[in-house]
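Examining the three-dimensional arrangement
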Amino acid sequence: MARVLQPFEFIEAAGVKEAVAALSQPGTRLFAGGCDLVPAIRRGQVRYDTLVSIMKIEGLSEFSSHPKVGVKIGAQVLLSRLVNDIWVGKRWAALHEAVEQLYPPHIRNMGTVVGNLCAAVNYYDVPVSMFAHRAVLTLSDGTTSREVGIDDFYTGGRGTAVGAGEMVTQIDLPPPAADAGSAFKKIYKARRRADDLHKINAAAYVALDEAKEKITDATLVIGCVGDSPLRITAAESALVGQVAGDEAFNSAAEMAVAAVQPMTDAGWVEEIRSDWIRILARDVLAQAASRALSRHDPAEDAHLAY
Amino acid sequence: MNDFAYVGKRMTKPDIYGKVTGEAKYTDDITLPGMVEGRILCAPVAHAKIVSIDTSEAEALPGVLCVLTHKDCPDIRFSRSTMAEALPEFAFTGERQDQFILTDKVRYMGDWVAAVAAEDITTAERALELIRVEYEPLPPVLDPFTALEQGAPVVHEDCADNIAFEMDHPFNCGDVEKAFAEADAVAEFSGVNSRQKHLHMETDVAIASFESDKRLVIYSPSQGPHLAKKHLTKRVFPDLDDGDIRWISPAIGGGFGARLALGVEPAAVLLARHCNRPVRVTTTREEDFQGYSSRTDMHQTIRVAATKEGKLLAIDQKIVSDSGAYLSHSATTSTVNMQKTLGVLKCDNIKGHLTVVYTNTPVTSGFRGYGNPEGAFVLQQALDRLAEKIGMDPMEFRLRNLKEPGDPSCFVPVTLEHTKLKECIDVGAEKFGWKDKWQGWDAAKEGRYRRGVGMSVLTHASGAGGFLLEHSSCVMKVLTDGSLNLIVSPCEMGQGIIGALTQVAAEATGLRYEQIRISTGDTDVTMFDIGSHASRSMLVIGNAVHAAGVKIHDQICERAVKYFEEHQVKLEASDIKVRAGEITSDKAPGVVIDVSKVAYDAIYDFGEGGSQLNASGSYLSTSHHPNHQAAFAEVEVDTETGQVTVVNYVSAHDIGRAINPLLVEAQMEGSLVQGIGFALTEDFVIDPETGKVLSDSLLTYRLPSTMDVPPMEHLLIEEPLEAGPFGAKGCGEAGLVNPAPAIANAIYDAVGIRVHSLPMSADKVLWALKHGTEEAPGQSRVSGQFL
């Protein structure tokens with residue numbers, strides 16, 4: 001049962017170096033929006049004496065988007081900053097949809113994009129869309145930095161590739177192909193016990209050839225089925241070269257079901273889960289392809305969102 | 001056309017400015033000199049004996065003033081529900097008083113074991129961690145049906161069968177079995193609602209302070225401070241008398257029925273007594289989820305019978321309610337379910353039986369609608385099944401069984417005087433386009449996304465006159481500028497009653513709306529009233545305000561006679577009228593006297609006529625004056641995922657007269673959103689093995705967001721109720737009753753399945769689509785957790 005917060009030290013670091021240096025003290029942690037951290041402290045799941053805010057560090061607030069260049073998201077950028085961005089909406093629709101449908105909506109106003117990824121919670125929506133967009137994270141110790149693809153970012157459990165004395169300073173999304181689209185969808189389930197499934201989320205990216213017929217590139221990601229979002233690589237490679245249509249998407253969806261390890265829960269939950277994985281996989285692929293065909297503005301079919 | 005200055009107008013409610021600017025003072029904003037902070041230790045297990053409590057470490061912590069346990073509490077049991085004090089003895093006899101301030105045995109996870117007062121809240125919090133409690137775990141019983149079995153764990157030692165309350169429908173009538181035997185068609189539906197959370201933004205909080213004259217002052221957001229005060233003196237601290245307590249309800253951060261029960265007030269009083277300092281006790285949102293209160297989950301079966309012509313012959317209802325660890329409101333809400341839900345249509349043979357069961361789950365409570373939404377979810381689906389069996393349009397079936405004035409009403413044993421339910425159905429159906437959208441019981445729907453329509457009707461109360469203590473009084477005084485102080489005790493918890501009463505007062509007195517100030521919330525100042533609940537405030541308190549207002553109006557008229565004489569017009573007081581601050585008469589065209597002149601001269605009269613204009617008004621309600629509503633929902637079901645989206649919603653409400661249509665519509669809009677949450681997204685989940693609430697935050701307990709709210713229209717059917725202030729009836733709760741059954745009936749129309757538990761979430765709908773609802777999987781039967 002949650003408690004009233006105990007007092008803690010709060011340091012507003014002026015630079016990345018100072019922030020990561022402070023982390024060498026035990027009981028210290030970085031703090032951005034606090035959406036995941038503060039409830040965890042209140043519940044007594046974690047305890048920190050010092051929180052180091054990164055929100056005053058210079059140079060981490062950059063946000064830019066351009067269809068030919070990509071999206072840059074600094075570590076301080078709030079989720080709400082993405083919601084009204086026209087290019088994220090048009091060309092990184094999966095990300096747009098994930099952010100737009102965040103529940104509860106207050107998280108958009110408090111939470112950062114980078115923080116949402118670093119929290120490493122397996123049912124979060126934004127990481128799923130980031131997998132579909134092949135995000136690249138920049139990790140820095142204040143002096144040198146290195147890039148890590150999102151596929152390699154999560155290391156099991158709630159672990160990430162962020163090493164000691166490092167922090168994530170930026171996320172980059174590569175530009176989509178000329179005729180490409182993406183989509184994100186999620187669906188909630190009533191939970192019955194602590195470790196029960198309570199959601200499935202999925203995202204896809206589909207690029208078409210010049211004739212807008214055949215698939216030249218695709219990603220398909222399913223969330224809530226493991227420690228971190230799962231790329232369905234078999235389906236992705238099978239889709240390339242196929243005509244973008246029901247047949248290809250249905251078989252990709254079957255591969256998604258096959259790729260997911262069964263849960264240990266009741267059989268009927270397994271059945272619902274498999275159905276949802278199949279349907280969401282097919283839906284996001286179809287939606288992404290439809291957007292690739294039409295360069296559709298996702299705002300116009302917001303009513304189709306789950 | 002009415003010539004009202006304010007009634008029926010879309011006025012801005014006067015208290016809104018303080019709410020939106022942050023100026024309004026809530027309990028948590030209040031700091032008393034010397035005030036310390038209190039916290040309560042909640043049990044981490046669902047059922048256990050408390051072997052020992054060692055408070056020595058906690059007491060030794062610097063800054064801790066006292067640590068209290070069960071042995072420090074008055075040796076008297078009470079119920080958190082304060083409604084007992086508003087009920088006549090005959091109605092009260094069955095209600096158990098079953099809990100201590102701090103418990104002698106853990107009966108649910110979250111039960112209150114100890115309380116701490118300390119100089120600051122972090123010290124109090126640390127002290128909680130230093131209290132060493134040795135628990136001897138007992139097997140918990142988490143399901144009402146298991147609790148009813150022989151040999152089940154016993155929640156309360158003096159209640160070996162775990163049955164907290166049992167009764168037959170108070171208005172059982174006719175011969176139900178005979179009616180079923182003779183009927184052309186019989187239908188049945190069973191289902192259970194989930195434990196919807198109130199989720200008032202302000203979590204439970206109270207300040208208790210013993211002043212130097214030994215009086216106890218309590219600051220707490222109660223929906224009925226007079227009743228709460230009475231309950232506290234009679235049941236919790238019998239050494240205190242009614243006059244020993246001054247209860248102040250500051251601004252209230254939402255109620256929805258939760259504030260009809262005592263919360264942390266008894267603990268705050270206990271701590272204040274022991275440490276001789278004012279104490280504020282605070283709770284967190286997670287504690288609110290785990291322990292405080294929610295809607296009672298009522299497992300129900302309703303059988304209904306009709307002739308082939310569509311005459312409703314009989315209703316037979318069985319309820320098993322899961323009260324949680326203590327009784328609180330669950331007996332009364334379940335009783336109201338039987339009375340109001342079954343009483344919506346004309347039926348001569350009614351039978352109902354109710355069993356309220358203790359389990360080791362959090363305590364449930366009263367919630368907006370008070371049993372009616374729980375019952376309507378089941379009854380209105382049973383009625384649809386019956387209409388289907390006789391092949392009749394469900395709207396037509398309801399129209400054929402409407403009550404008319406002169407028929408027996410339902411909630412209290414009176415005759416129905418006023419109903420516009422037929423007009424509600426007609427107008428709502430027209431707006432919704434029911435004739436076009438309803439395509440018959442066997443309409444074939446195809447495709448992945450299928451649309452369907454459903455409807456539901458309800459009757460609800462405007463108070464419970466003839467049953468509860470339904471009287472109210474108020475005081476008015478007019479200041480020299482013609483402004484009015486109105487001292488009255490509704491509880492403004494966001495519903496807008498302050499605004500509506502201001503309109504009634506302005507209209508009745510003839511004074512200006514902008515110049516009416518309401519003093520409320522302080523039991524030393526306001527007159528007795530049982531608080532804001534049961535949609536009663538507008539009718540009962542409104543009538544008291546109207547009664548006082550008319551007196552002020554008449555006083556102004558009498559005093560105004562001489563001012564007309566100054567204009568060489570000789571008038572009787574009855575020739576004069578006061579409206580919006582101006583005194584005029586048809587017999588003196590062109591003469592306008594401002595009320596401030598009369599009001600000023602009344603006070604500043606050094607001669608014989610000096611007296612401030614003042615009046616009191618009282619009203620006693622003798623009926624529940626039911627309001628009615630018809631609602632129509634259109635949904636779209638994704639047959640592949642099971643997801644349900646409400647795409648359109650129309651309701652029509654029998655309001656008598658809307659004092660402020662803006663506020664009535666806002667009530668309907670707000671309750672529809674709460675109703676959509678009840679129907680589709682809000683899922684209160686208790687772990688079936690441990691009794692822990694899993695959905696204990698707003699992250700996991702999903703309230704509807706704006707994305708879930710459809711286009712909606714709320715129509716007001718206005719024909720004044722004679723007994724209402726300017727004809728008004730209540731409207732606070734009704735809007736929450738229809739959404740779940742209307743949506744459920746629409747789902748059936750779309751895809752032909754019915755889900756038997758709320759919320760009707762995607763997984764349940766999908767399972768039912770694939771397998772039917774007969775062999776529901778995962779049937780734990782716990783709290784809405786079966787399909």
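On a predicted model such as this, the values are computed, not experimentally measured, just so you know.

Analysis parameters
Residues numbered from 1 in each chain as written. Chains lettered and ligands numbered in written order. Predicted model: local features only at pLDDT ≥ 70, side-chain atom pairs only at ≥ 80, totals over all residues. Heavy atoms only, no water. Buried < 20%, exposed > 50% of the residue type's maximum accessible area, 1.4 Å probe, protein only. Helix = DSSP H or I, 4+ residues; strand = E, 2+ residues; numbered from the N terminus. Pairing = 2+ DSSP bridges. Axes fitted to C-alpha atoms, helices over the stretch in contact; angles between N-to-C directions. Parallel < 35°, antiparallel > 145°, perpendicular 65-115°, else oblique. Left-handed = near helix turned anticlockwise from the far one by under 90°. Contact = heavy atoms within 4.5 Å. Polar contact = N/O pair within 3.5 Å; in protein donor to acceptor, adjacent residues only side chain to side chain. Domains from an automatic or database assignment. Buried area = accessible area lost by both parts, 1.4 Å probe. Salt bridge = Lys/Arg side-chain N within 4 Å of Asp/Glu carboxyl O. pLDDT = per-residue confidence, 0-100. Nonpolar A, V, L, I, M, F, W, Y, C, P; charged D, E, K, R; others polar. Core = buried A, V, L, I, M, F, W, Y, C linked by side-chain atoms within 4.5 Å. Disulfide = S-S within 2.5 Å.

The subject of this paragraph is helix H8 (residues 265-275) of chain B. An α-helical turn contains 3.6 residues, so a residue and the one three or four places further along point in the same direction. Residue and element names in this part refer to chain B. Counting buried positions along H8 yields nine of 11 residues, so the element is predominantly enclosed. Residues of H8 that are buried include every one of Glu265, Pro266, Ala267, Ala268, Val269, Leu270, Leu271, Ala272 and Cys275, and no others. The positive-phi residue at the C-terminal boundary of H8 is Asn276, with phi of around 55 degrees.

Next up on the list: the sheet that holds strand E6 (residues 132-137) of chain B. Think of a sheet as strands paired side by side through backbone hydrogen bonds, with each pair either parallel or antiparallel. Residues and elements named next belong to chain B. In space, the three strands of this open sheet follow the order E4-E2-E6, with antiparallel pairing throughout. Both outer strands of the open sheet, strand E4 (105-106) and E6, are each paired with one neighbouring strand and no more. When strand E2 (residues 48-54) meets E4, the two strands line up antiparallel, connected through two bridges. Bridge pairing in E4 links Ala48 to Val106.

How two helices pack is summed up by the angle between their axes together with the distance between the axes. Residues and elements named next belong to chain B. The N-to-C vectors of helix H15 (residues 497-509) and helix H16 (residues 537-566) enclose an angle of 30 degrees; their axes lie 7 Å apart at closest approach. Taken as axis vectors, H15 and H16 run roughly parallel relative to one another. In this structure, H15 crosses over H16, and the sense of that crossing is right-handed. Facing H15, whose interface residues are Ile497, Ala500, Leu501, Val504, Ala505, Ala508 and Thr509, H16 presents Ser537, Met538, Ile541, Gly542, Val545, His546, Gly549, Val550, Ile552, His553 and Ile556.

This part takes up the environment of Arg398 of chain B. Residues and elements named next belong to chain B. Position of Arg398 among the secondary structure elements: in helix H12 (residues 394-399). For Arg398, a relative accessible area of 0% puts it in the buried group. Those residues in contact with Arg398 that sit more than four places away from it in its chain are Leu345, Gln380, Leu383, Asp384, Met455, Ser456, Val457 and Asn745. Side-chain polar atoms of Arg398 contact the backbone oxygen of Pro394, separated by 3.1 Å.

Below, the discussion takes up the domain arrangement of chain A. All names here are of chain A. When cut into domains, chain A gives domain 1 (9-53), domain 2 (63-173) and domain 3 (180-304). Just the C-alpha atoms count here: the centres of domain 1 and domain 2 sit 19 Å apart. Counting the surface lost from both domain 1 and domain 2, the interface buries some 890 Å², and carbon and sulfur atoms represent 70% of this. Summed over the three residues of domain 1 that lose the most area to domain 2, namely Val16, Cys35 and Asp36, the buried surface amounts to 46% of that side. There are one salt bridge connecting domain 1 and domain 2. The salt bridge involving Asp36 is made with Arg158; its shortest N-O contact spans 3.0 Å. Here domain 1 and domain 2 share three residue pairs in polar contact (both at pLDDT 80 or more) between them.

A word on the confidence of the model for chain B. Model confidence for chain B is summarised by a mean pLDDT of 94, while 97% of its residues fall at 70 or above. Predicted confidence is poor over residues 777-787 of chain B, with pLDDT under 50, and the contacts of this stretch with residues over four places away or in other chains come to 45 contacts.

With that settled, the discussion passes to the domain arrangement of chain B. Residues and elements named next belong to chain B. Structurally, chain B comprises domain 1 (16-22 + 471-620), domain 2 (32-140 + 208-280) and domain 3 (405-462 + 624-787). The C-alpha centroid of domain 2 is placed 40 Å from the C-alpha centroid of domain 1. Contact with domain 1, which involves 17 residues of that partner, is made by 21 residues of domain 2. Buried area between domain 1 and domain 2, summed over both chains or domains, comes out near 1400 Å², and the portion from carbon and sulfur atoms is 59%. In terms of surface lost to domain 2, no three residues of domain 1 exceed Met493, Thr523 and Asp524, which account for 36% of the buried area on that side. Counting across the domain 1 and domain 2 interface gives three salt bridges. The closest approach of N and O atoms between Asp524 and Arg215, which form a salt bridge, is 2.7 Å. In this assembly, domain 1 and domain 2 are joined by seven residue pairs in polar contact (both at pLDDT 80 or more). Looking at the side of domain 1 that touches domain 2 residue by residue, the class counts come to five nonpolar, seven polar and five charged.

Facing the 46 residues of chain B at the interface are 31 residues of chain A. Taken together, the connections running from chain B to chain A amount to eight salt bridges. Between Glu640 of chain B and Arg282 of chain A there is a salt bridge whose closest N-O contact spans 2.4 Å. For the pair chain B and chain A, the interface holds 12 residue pairs in polar contact (both at pLDDT 80 or more). Of all the secondary structure elements, the ones that give two or more residues to the side of chain B that touches chain A are strand E1 (36-42), helix H4 (121-130), helix H9 (285-292) and helix H20 (762-771) of chain B.

Further remarks concern the nonpolar core. Residue and element names in this part refer to chain B. Formed by 67 residues in total, the largest nonpolar core has its most connected members in Val304, Ile743 and Met760. Among the elements that line this core, the one with the most residues is helix H19 (residues 739-751), at eight residues. Among residues more than four places away in sequence, those in contact with Met760 are Phe377, Ala679, Leu680, Ala740, Ile743, Ala744, Ile747, Val755 and Val765. One finds Leu511, Val545, Ala588 and Val591 within the second-largest nonpolar core, a separate group that totals 52 residues.

This paragraph deals with the state of the cysteines. In protein structure, a disulfide is the covalent linkage between the sulfur atoms of two cysteines. All names here are of chain B. Summed over all chains, the structure comprises zero disulfides over all chains. The thiol of Cys424 is not disulfide-bonded; the next cysteine sulfur, from Cys731, is found 13 Å away. A relative accessible area of 0% places Cys424 in the buried class.

Interpreting fine coordinate detail is not advised for predicted regions of low pLDDT. Across chain A, pLDDT averages 91, with 95% of residues at or above 70. Throughout residues 300-306 of chain A the model reports pLDDT below 50, and contacts reaching past four residues in sequence, or to other chains, amount to 13 contacts.

A few words on the pairing of strand E9 (residues 205-210) of chain B. If a strand is regular, its side chains alternate between the two faces of the sheet. Residue and element names in this part refer to chain B. The buried fraction of E9 is high, at five of six residues. Sheet analysis places E9 next to strand E12 (residues 279-282), joined by four bridges and oriented antiparallel. Across the sheet, residue Ala208 finds its bridge partner in E12, namely Val279. Linking E9 back to strand E10 (residues 216-219) in an antiparallel pair, the connection comprises five residues, with Lys214 at a positive phi of about 70 degrees.

A few words on the sheet that holds E9 of chain B. Residues and elements named next belong to chain B. Spatially, seven strands are ordered E3-E5-E1-E12-E9-E10-E11 in an open sheet, and the strand pairing comes out mixed. The two strands at the open ends of the sheet, each matched to only one other strand, are strand E3 (64-68) and strand E11 (245-248). Neighbour to neighbour, the strand axes of the sheet diverge by 20 degrees on average, direction disregarded. Relative to E11, E10 runs parallel, the two sharing four bridges.

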